[in-house]
Amino acid sequence: MAIIERPRELAPASFVSPKQAAGSFHRPVQTKGWKSWFFTIDHKKLGIMYGVAAMFFFLVGGTEALLIRIQLAQPNGKFVNAQLYNELFTTHGTTMVFLFVMPMAAAFANYFVPLQIGARDVAFPRMNAFGFWCFLSGGIFLYLSPLLGGLPDGGWFAYAPNTGPIFSPSHGMDFWALALQITGIASLTGSINLIVTILNMRAPGMKMMMMPVFTWMILVVQFLLVFAIPVITVALFLLTFQRRFGATFFDVKAGADPLLWQHLFWLFGHPEVYILILPSFGIVSEVLPVFAKKPLFGYKFVVFSGAAIGFMGWGVWAHHMFASGLGPISVMVFSLTTMFIAVPTGVKIINWVGTLWGGTLRFTTAMMFAIGLIVEFTIGGLSGVTHAVSPSDTQQTDTYYIIAHFHYVLFGGAVFGLFAGFYYWWPKVFGRMLDEKLGKINFWLMVIGTNFTFGPMHIVGLQGQPRRMYTYKAGYGFGPWNLVETIGSFIIALAVGTFLWNVVKTNGITGKKPRTAPLDPWDARTYEWMTTSPPKEHNFDSIPVVSHLDEFFHRKYAEDANGNMVKVATGEEILADQIAHADKHIHMPSPSYWPLVLAVSLPIIALGVIFSTYLAVVGGAICVMAAYGWAIEPSTADESDFENPAGPSTEVTVHV
Amino acid sequence: MLGGFALTLTGCAGNAPQDTWKPSGKYARSIDNLQEPIFVAAGVVGLVVFAAVVYCIVKFRERPGHDSIPHQSHGNPKVEISLTALSAAILLTVAVPTVNTLFEISNRPKDTALEVTVIGQQWWWEFQYKTPGMEGIVTATELVIPVGKKVRLSVTSRDVIHSFWIPKLNGKRDAVPNRVQPLNMEATTPGIYEGQCTEYCGLSHANMRQRVVALSDADFATWVANQLKPAAKPAKVKDATTGELVDTPQSGGEAAFIANCARCHQVNGLVDDKGDPQNSKADEQLVSGAAPNLTHLMSRSVFAGGMFDLSLPSAACSPKTAKYTAEHPTGTPDGCLNRADLEAWLRNAPAVKPMYSIQNKDKLYRGMPNLNLSEADIDKLVAYLTTLK
């Protein structure tokens, strides 16, 4: 039965003492206060936690990028040594992919998918919490490595046999492999959760082809994750066994073929690229229609092309290996499949421009980031086509031209999309408005920084500057452009700083009165805007029945006698109607600390794998205990859980 | 825009020895002929997209007092399908020449004139000549080929994955242990063509360089003839007063070489004073099991995996042209030796090039360790090395 929201007929509300209810073996029930963040299973709180943690890792990965750029600003740089440089580019890539873009996309998915489909939470709320804690403990575990034997130094791609025990003797790659196994659990549980949620928990009337595009793209991404994460996990597992237990999967002396690793890694790694970019495609496909005041051009095309990418993304992995020596037949096949995956990707560009065409465009910060994505991603997409031309790629691969390409795709694409999402959805999540003026400064700094940093990389790459080099000699034409890139990277840092300042300034953190957001600040079109900002813990007082794509828009606007769209209702009126028909019995799952305990046991086991079997046994015991505790814990708290065992306390809060 | 932009800027760059847009051989030219129109086409597509976005921004921006809701069009299937078909058609036109070029540069040429096995290891390249009449030639870092002839390389590795790349002659090919992978090369004009290992191979990846020196047929023949000779033993001299045979710096250097270097570095024909041959046993010392063959060290223009020039960068000694190698196929001329870097290398190699100076648990090194040589030994060794022409 109930329990974040107690049954309404049970008035007056029960009294709960958070102080005592959080005692060691007492089931946590409170949903307010700082402690509640550790036990929460609310998809919105978890979404915010994903966002905050991912933003932290974004700053870590960004700092690593700046150190790399300082080192490369001039030929023969002496700022860091070779070993540290190799560690920096390894952790920069790993952090940005696994600890920033993926969890930031998970933040948006967690927060908005249930709201966009009219669900009160995800299908498996405790598993959702478990996923978040796995991601965080995996991330923290990775960054324990400098304290316990060195950062990983094998590259985020970790090509065998360079990552084997002979060639990477420090514990860095052990931490890397185990950390990604732990964060992989987060992705896997999260993806199953969201698939079940999207397929089963949509509001009445919402057919699949009425779902907002963001939810569609997230659904595609979750299917990619379900199949891709096991592949990398297998590879990481083999690597761990080779490094820790003397297995010989990638041991050349024992007859291994090192290309096994590359096939496993890129069979995961290429779908991973779409895992990183499709959520941002979804965000942009929400933002453009709102600020163009017209529906997404070719909704079905966008959905089907997203799904097509989801399938075709599995058939292109070896284009990362054109120089590996696959032989011309394989190279030809992957060259062709790679060209053809450009078609559904190009479809999206066509549809976004089509959305702008004939609209009434409002250039808010969110809209500017969305249009910025179209332009920057197009550059990255076109350079991608030049890689599909495999003979040409043998000149480009492993040079800065590739770095330029995937940063236009992942920074100009994925990150621009995430920033569009920040500005667009901030009022929904926090009920506060970000400053538009600072937002525009943020945007322009970001655009200038991106093109200064990554634009010249095309040139030095084609001039033959290989990647992953801690230094380069003078006399190859690299120096001046590298200096421009370094300046650009600091402009990006300034842009990110502007965003953080915007957050601090407008959310009451400086003590200044925050600016409360109106209910419907953007004249939005989709379901998540049909509730309060921030939403209540149960999201909707009653679940509105869906009859249109862009349901919210169609409730606000209708055609008049002349066929023109006119406003017939405001967001406030629609919300008031929903509250008036509030459901009487709203059943919400209860908080639990087992997901946290279970997730914390994993890095303990992992430390044990590296350092001591005894520690692994301890971690395993905690793991089993937590799994049992979780299994026998009812999904909703018992009535007695709310009682204060020591009698009424003076320190009470009303549980509404 | 991207393509045009990159084309212009790389075209303008004067001093870019690894420029992928300035081919000097058949294979690199095939790739260049393929990629240039594709870059232009990509640039045109980019410009069309940008123009459409800019047009939308200007034309459809919200104007004050004009807040009506635009027509709620959900799309136009005809436009969508035709644009999708158009992009597919563009890609198809790209695909055909791609496949043609791919096979053209991959197939084994019928008139292969030279076969060389290229072996990567941390952090230098070895070249073993396999063509009949050249067997036994083993060089490091510098691959010498005859100009205008088809060269077939067999690329492999002794430890981790490396990648062999000479941008002006062909695309790159990974050197994968347990695999031998082909790569064709041909240079149209004599010259030195630089390259760089392009697969991350650990600590000193950035310092793993390679170069191809293309020589005219006559120069190449001279070079081959010299390479086939074993090293000459430096003679001792008769002391004028005692009449005994005493060491010159060169012969003393040879003794120091046998004592300190010969266990890893092979010098063909090296014998000690008793006449016993001194063959390297690098596999007992190094993870990769190989160190550069130094028999004809002085015929090369660089050392330490291409990190340092072997001769001084002055006008008279500059190794930047093939003319240098053509005129001096048998050694760095006197007065041109880059003595400072060579001595620093002998003094403490891992201090000037990042390498692992400690043994791993199998008692093996990765790269050259610090040998703690005395200054006297260093002087003698340099004197000996200059005899390895």
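Structural notes, computed from the coordinates. (Residues numbered from 1 in each chain as written. Chains lettered and ligands numbered in written order. Predicted model: local features only at pLDDT ≥ 70, side-chain atom pairs only at ≥ 80, totals over all residues.)

Topic: the interface of chain A and chain B
Step number 1: Across the boundary between the two partners, chain A contributes 83 residues, which contact 79 residues of chain B.
Step number 2: Within the residue set of the side of chain A that touches chain B, elements represented by two or more residues are α4 (82-117), α9 (299-312), α10 (328-356), α11 (365-388), α12 (390-396) and α14 (436-462) of chain A.
Step number 3: Looking at the side of chain A that touches chain B, the element that brings in the most residues is α10 of chain A, giving 16 residues.
Step number 4: Residue composition of the side of chain A that touches chain B, by class: 47 nonpolar, 30 polar and six charged. (Contact = placed C-beta atoms within 7 Å. Helix = DSSP H or I, 4+ residues; strand = E, 2+ residues; numbered from the N terminus. Nonpolar A, V, L, I, M, F, W, Y, C, P; charged D, E, K, R; others polar.)

A few points about the pairing of strand β8 (residues 181-185) of chain B
Residues and elements named next belong to chain B.
Step number 1: Burial runs high along β8: four of the five residues are buried.
Step number 2: In terms of strand pairing, strand β5 (residues 150-157) meets β8 through five bridges, oriented antiparallel. Bridge assignment links S154 to a residue of β8, and that residue is P182. (Buried ≥ 20, exposed ≤ 12 C-beta atoms within 10 Å, placed from the backbone. Pairing = 2+ DSSP bridges.)

So, the environment of I90 of chain B
Step number 1: For I90 of chain B, the location among the structural elements is in helix α3 (residues 77-106).
Step number 2: Considered as a pair, I90 of chain B and P167 of chain B are 77 residues apart in the sequence and their alpha carbons are 28 Å apart.

Description of the environment of E126 of chain B
All names here are of chain B.
Step number 1: Residue placement: E126 occurs in strand β2 (residues 124-129).
Step number 2: The exposure class assigned to E126 is buried, which follows from the 20 C-beta atoms found within 10 Å.
Step number 3: With 11 residues separating them in the primary sequence, E126 and I137 have C-alpha atoms 10 Å apart.

Structural notes on the pairing of strand β1 (residues 112-121) of chain B
Residues and elements named next belong to chain B.
Step number 1: For β1 and β5, the ladder comprises eight bridges, and the chain directions are parallel. Each bridged residue has a counterpart across the sheet, and for E115 the counterpart in β5 is R152.
Step number 2: Here β1 pairs with β2 via six bridges, running antiparallel. In the sheet register, V116 faces β2, and the bridge partner there is Y129.
Step number 3: Linkage of β1 to β2, two consecutive antiparallel strands, is achieved through a turn of two residues.

What to know about the sheet that holds strand β10 (residues 209-215) of chain B
Residue and element names in this part refer to chain B.
Step number 1: Read across the open sheet, the three strands follow the order β4-β10-β9; overall the sheet is mixed. Pairing within the sheet leaves two strands with one partner each, and these edge strands are β4 (142-146) and β9 (191-196). Adjacent strand axes in the sheet meet at a mean angle of 20° when their direction is disregarded.
Step number 2: Sheet analysis places β9 next to β10, joined by six bridges and oriented antiparallel. In the sheet register, Y193 faces β10, and the bridge partner there is V212. (Axes fitted to C-alpha atoms, helices over the stretch in contact; angles between N-to-C directions.)

Here's the deal with the nonpolar core
Step number 1: Membership of the largest hydrophobic core comes to 301 residues, with the highest contact counts inside it found for V287 and A420 of chain A.
Step number 2: Aside from chain neighbours lying at most four places away, what touches V287 of chain A is A366, M367, A370, A420 and Y424 of chain A. (Core = buried A, V, L, I, M, F, W, Y, C linked by C-beta atoms within 7 Å.)

Here's the deal with α4 of chain A
Residue and element names in this part refer to chain A.
Step number 1: Between its terminal C-alpha atoms α4 stretches 50 Å, which fits the 52 Å expected from 36 residues at 1.5 Å a residue.
Step number 2: In terms of burial, α4 is largely enclosed, as 33 of its 36 residues are buried.
Step number 3: Following α4 by one or two positions, G118 has its phi on the positive side, about 75°. (Expected span 1.5 Å × (residues − 1).)

Brief notes about helix α6 (residues 172-200) of chain A
Step number 1: The end-to-end C-alpha separation of α6 of chain A is 42 Å, in line with the 42 Å expected for 29 residues at 1.5 Å each.
Step number 2: Within α6 of chain A, 23 of the 29 residues are buried, which leaves the element mostly enclosed by the surrounding structure.

Side note on the sheet that holds β8 of chain B
Residues and elements named next belong to chain B.
Step number 1: Taking strand neighbours across the sheet as the criterion, the five strands line up as β3-β2-β1-β5-β8 in an open arrangement whose pairing is mixed. Edge positions in the sheet fall to β3 (138-140) and β8, since each has one partner strand and no second. On average, each strand axis in the sheet is inclined to that of its neighbour by 25°, with strand direction left out of account.

A few points about the packing of α10 of chain A against α11 of chain A
Residue and element names in this part refer to chain A.
Step number 1: It is the contact of α10 with α11, at a shortest axis distance of 10 Å, that shows an interaxial angle of 165°. The orientation of α10 relative to α11 falls into the category roughly antiparallel. With respect to the hand of their crossing, α10 and α11 are arranged in left-handed fashion. On the side of α10, the interface is formed by S335, T338, M339, A342, T345, I349, W352 and V353, while α11 contributes I374, T378, G381, G384, V385 and A388.
Step number 2: The residue inventory of the contact of α10 with α11, partitioned by class, reads eight nonpolar, six polar and no charged. (Parallel < 35°, antiparallel > 145°, perpendicular 65-115°, else oblique. Left-handed = near helix turned anticlockwise from the far one by under 90°.)

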